[in-house]
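# Observations on the three-dimensional arrangement
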Amino acid sequence: VTDAGALAVTDDLTVTATGYPITIDSPTGTVGGNIIATGTNIAITDNSAVTLGAISASGKLTIIAGGDVTDGATISTSSTTTITATGKNITLDEVA
């Protein structure tokens, strides 16, 4: 699953691509609610704050945010996780 331009989602974004990669990488895209995703390698860029809902990546997870990053559900990945929020806070405190 890939985006073809900037997404402007005012509520939750749910992407299920079990067995396939997910790339949502427009630098001007925004999601107003939780980001919920299931796939292999998951890469998400959001121009604003990010709230991660249930994330299940059977590969790498990469998040680039223009604001704070928090989690609202369990994040599961079988490889590396990279979260970038330059000058902002990253708070991951959900317990599996």
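These remarks concern the structure in this document. (Residues numbered from 1 in each chain as written. Predicted model: local features only at pLDDT ≥ 70, side-chain atom pairs only at ≥ 80, totals over all residues. Heavy atoms only, no water.)

### Regarding the environment of S56
Along the polypeptide, S56 turns up in strand β7 (residues 50-57). S56 gets classed as partly exposed once you look at its relative accessible area, which sits at 34%. (Helix = DSSP H or I, 4+ residues; strand = E, 2+ residues; numbered from the N terminus. Buried < 20%, exposed > 50% of the residue type's maximum accessible area, 1.4 Å probe, protein only.)

### Overview of the environment of I44
Inspection of the secondary structure assignment puts I44 in strand β6 (residues 42-46). Given the relative accessible area of 5%, I44 is considered buried. Residues I44 and T2 lie 42 residues apart in sequence; the distance between their C-alpha atoms is 9.9 Å. In this structure I44 touches I24, I35, T62, I63 and I64, once residues within four positions along its chain are discounted. (Contact = heavy atoms within 4.5 Å.)

### What to know about empty space enclosed by the protein
Empty space among the atoms becomes visible once a probe the size of a water molecule is rolled across them. Throughout the structure, instances matching the rule amount to 1 cavity of 30 Å³ or more. There is about 50 Å³ of room inside the largest cavity. Together, D3, L7, L13, I24, S26, G29, T30, V31, I35, I44, T45 and D46 line the largest cavity. Contributing elements (two or more residues each) for the lining of the largest cavity: β4 (30-31) and β6. In terms of residues, the lining of the largest cavity owes the most to one element, β6, which gives 3 residues. Each residue belonging to the lining of the largest cavity can be placed in one class, and the counts come to 6 nonpolar, 4 polar and 2 charged. (1 Å grid on protein atoms, 1.4 Å probe; cavity = no way out; pocket = protein on both sides within 12 Å on 5 of 7 lines; lining within 4 Å. Points joined across faces, edges and corners; volume = space filled by probe spheres on them. Nonpolar A, V, L, I, M, F, W, Y, C, P; charged D, E, K, R; others polar.)

### Describing the pairing of strand β2 (residues 13-16)
Of the two faces of β2, the one holding L13 and V15 is buried and the one holding T14 and T16 is not buried anywhere. As paired strands, β2 and strand β5 (residues 34-39) are joined by 4 bridges and run parallel to one another. Note on β5: the bridge partner recorded for L13 is I35. (Pairing = 2+ DSSP bridges.)

### A few points about the sheet that holds strand β8 (residues 61-65)
Strand order in the open sheet made by the 4 strands is β3-β6-β8-β11, with parallel pairing throughout. Of all the strands in the sheet, the pair left with one neighbour each is β3 (22-24) and β11 (81-84). Averaged over all pairs of adjacent strands, the angle between strand axes in this sheet comes to 5°, irrespective of strand direction. (Axes fitted to C-alpha atoms, helices over the stretch in contact; angles between N-to-C directions.)

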